[in-house]
Amino acid sequence: MHKEVKLIRGLRQPSYFFYQLKESEVLRGYKQKIILVFLLSALVFGLVSSLGIGMDPLSKELTTLSPFTYEMEKFLFLLGRIISGLLYAAIILFVPALIFWTISDEGEYRKLVVIQSLVLLILLIERLTYIPLSLFLSLDWFSSPLSLGVITQYITGKSWVIYFLGCFSLFKIWVFYIQYKGIKRLTQQKNWLIWLVILLTNLLFWSVTAFMAFLDFSKLI
């Protein structure tokens, strides 16, 4: 059976989408959709940086740089963020799909990548919510009211813990749901194993994100 990959339907009707995905022998438009989500990721990262979010270190040098040098550094910063968006998309799409593939008896790797395409869209939507939070409320990503980062800051002052729990938000619950529905349909594995792999995979990514933020590399992700 030939079915076109329609990612928006996957977000709106995941059960039906994954049923069709499992039954499909040929994924029409697969490469085009993967290229599209790569471009969307680069666009979102570029949009966020173009609004000045994450440019605090550069802004501090405003008085010490010539106008030309400052504009050049702004351009390089924007270019770096766009490249980061492409790298971010590659990691989100292919690394978790590879991990999920290790527990799959039937799941095709490309179909697992499609699951992660939906995940990437959700994470990009979450990243867009950082724009009003930063511009109007001056809040960092880990202080989003949709995450546990706010509560954590009242409990502890340890930066890594704040960053780590700041990664867990309402959007991540959506991610868990999409990953579970997709992996369950494609692999037919036991529920406990699917949830274990999903949780460990996401905890790994959150730990890396928190570690990079702790080292002040958060602007690269």
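Residues numbered from 1 in each chain as written. Predicted model: local features only at pLDDT ≥ 70, side-chain atom pairs only at ≥ 80, totals over all residues. Heavy atoms only, no water.

Caption draft 1: Highlighting the overall build of the chain. Counting its secondary structure elements, the chain contains 10 helices and 2 strands. Sequence-ordered secondary structure for the chain, helices as α and strands as β, is β-α-α-β-α-α-α-α-α-α-α-α. Looking at the chain as a whole, 43% of its 221 residues are labelled buried. The long-range fraction of contacts in the chain, counting pairs at least 24 apart against all pairs at least 6 apart in sequence, stands at 68%. (Helix = DSSP H or I, 4+ residues; strand = E, 2+ residues; numbered from the N terminus. Buried < 20%, exposed > 50% of the residue type's maximum accessible area, 1.4 Å probe, protein only. Contact = heavy atoms within 4.5 Å.)

Caption draft 2: Looking closely at the packing of aromatic side chains. As enumerated under the stated definition, the model contains 12 aromatic pairs in all. Measuring from centroid to centroid gives 6.1 Å for F164 and W206, while their planes differ by 70 degrees, and the two rings are edge-to-face. Here W206 lies in helix α10 (residues 191-214) and F164 lies in helix α8 (residues 159-166), a separation of 42 residues in the sequence. Arranged with centres 5.5 Å apart and planes meeting at 65 degrees, the rings of F168 and W206 form a pair that is edge-to-face. In this pair, F168 sits in the loop between α8 and α9 (170-187) while W206 sits in helix α10, placing the two residues 38 residues apart along the sequence. The partly exposed category is assigned to F168, whose relative accessible area is 22%. Aromatic rings pair up to connect W160, F164, F168, F176 and W206 into one cluster. One residue, R127, lies across the ring of Y88, its end atom 5.2 Å from the ring centre. (Phe/Tyr/Trp six-rings, centres within 6.5 Å; stacked < 30°, edge-to-face > 60°. Lys NZ or Arg CZ within 6 Å of the ring centre and 35° of its normal.)

Caption draft 3: Highlighting a nonpolar patch on the surface. A cluster of nonpolar side chains, contributed by L47, L51, L128, L135, F136 and L137, occupies part of the molecular surface with about 570 Å² of accessible area. The biggest single contributor to the nonpolar patch is helix α6 (residues 109-137), with 4 residues. Residue position: L128 is located in helix α6. (Patch = residues over 30% accessible without salt bridge, like charges linked within 9 Å, V, L, I, M, F, W, Y side chains within 5 Å. Areas by Shrake-Rupley, 256 points an atom, 1.4 Å probe, with all protein chains shown as cover. Salt bridge = Lys/Arg side-chain N within 4 Å of Asp/Glu carboxyl O.)

Caption draft 4: Examining the nonpolar core more closely. Within the largest apolar cluster, 55 residues are counted, with the highest numbers of intra-cluster contacts made by V114 and L120. Elements with a minimum of two residues in this core: α1 (7-12), α2 (14-23), α3 (30-50), α5 (67-101), α6, α8, α9 and α10. Considering each element in turn, this core owes the most residues, 13 residues, to α6. In contact with L120, other than residues within four places in its own chain, are V37, Y88, A89, I92 and L93. (Core = buried A, V, L, I, M, F, W, Y, C linked by side-chain atoms within 4.5 Å.)

Caption draft 5: How the structure looks around unusual backbone geometry. Although it is not a glycine, S138 sits at a positive phi angle of roughly 55 degrees. Here S138 is to be found in the loop between α6 and α7 (149-155). We classify S138 as exposed; its relative accessible area is 65%.

Caption draft 6: Summary view of the packing of α3 against α6. As a packed pair, α3 and α6 sit with axes 10 Å apart at the nearest point and diverge in direction by 20 degrees. Considered as vectors, α3 and α6 are oriented roughly parallel to each other. The chirality of how α3 crosses α6 is left-handed. Residues Y30, I34, V37, L40, S41, V44, F45, L47 and V48 of α3 touch α6, and the partners they reach there are R110, V113, V114, S117, L120, L121, L124, R127, L128 and I131. When the residues that make up the contact of α3 with α6 are grouped by side-chain class, the tally is 15 nonpolar, 2 polar and 2 charged. (Axes fitted to C-alpha atoms, helices over the stretch in contact; angles between N-to-C directions. Parallel < 35°, antiparallel > 145°, perpendicular 65-115°, else oblique. Left-handed = near helix turned anticlockwise from the far one by under 90°. Nonpolar A, V, L, I, M, F, W, Y, C, P; charged D, E, K, R; others polar.)

Caption draft 7: Highlighting the packing of α8 against α10. For the pair α8 and α10, the least separation of the axes is 8 Å and the interaxial angle reads 135 degrees. Comparing the axis directions of α8 and α10 gives the class oblique. As for how α8 packs across α10, the hand of that crossing is right-handed. Where α8 abuts α10, its residues S159, W160, Y163 and F164 lie against L203, W206, S207, A210, F211, A213 and F214. A class-by-class count of the residues in the contact of α8 with α10 yields 9 nonpolar, 2 polar and no charged.

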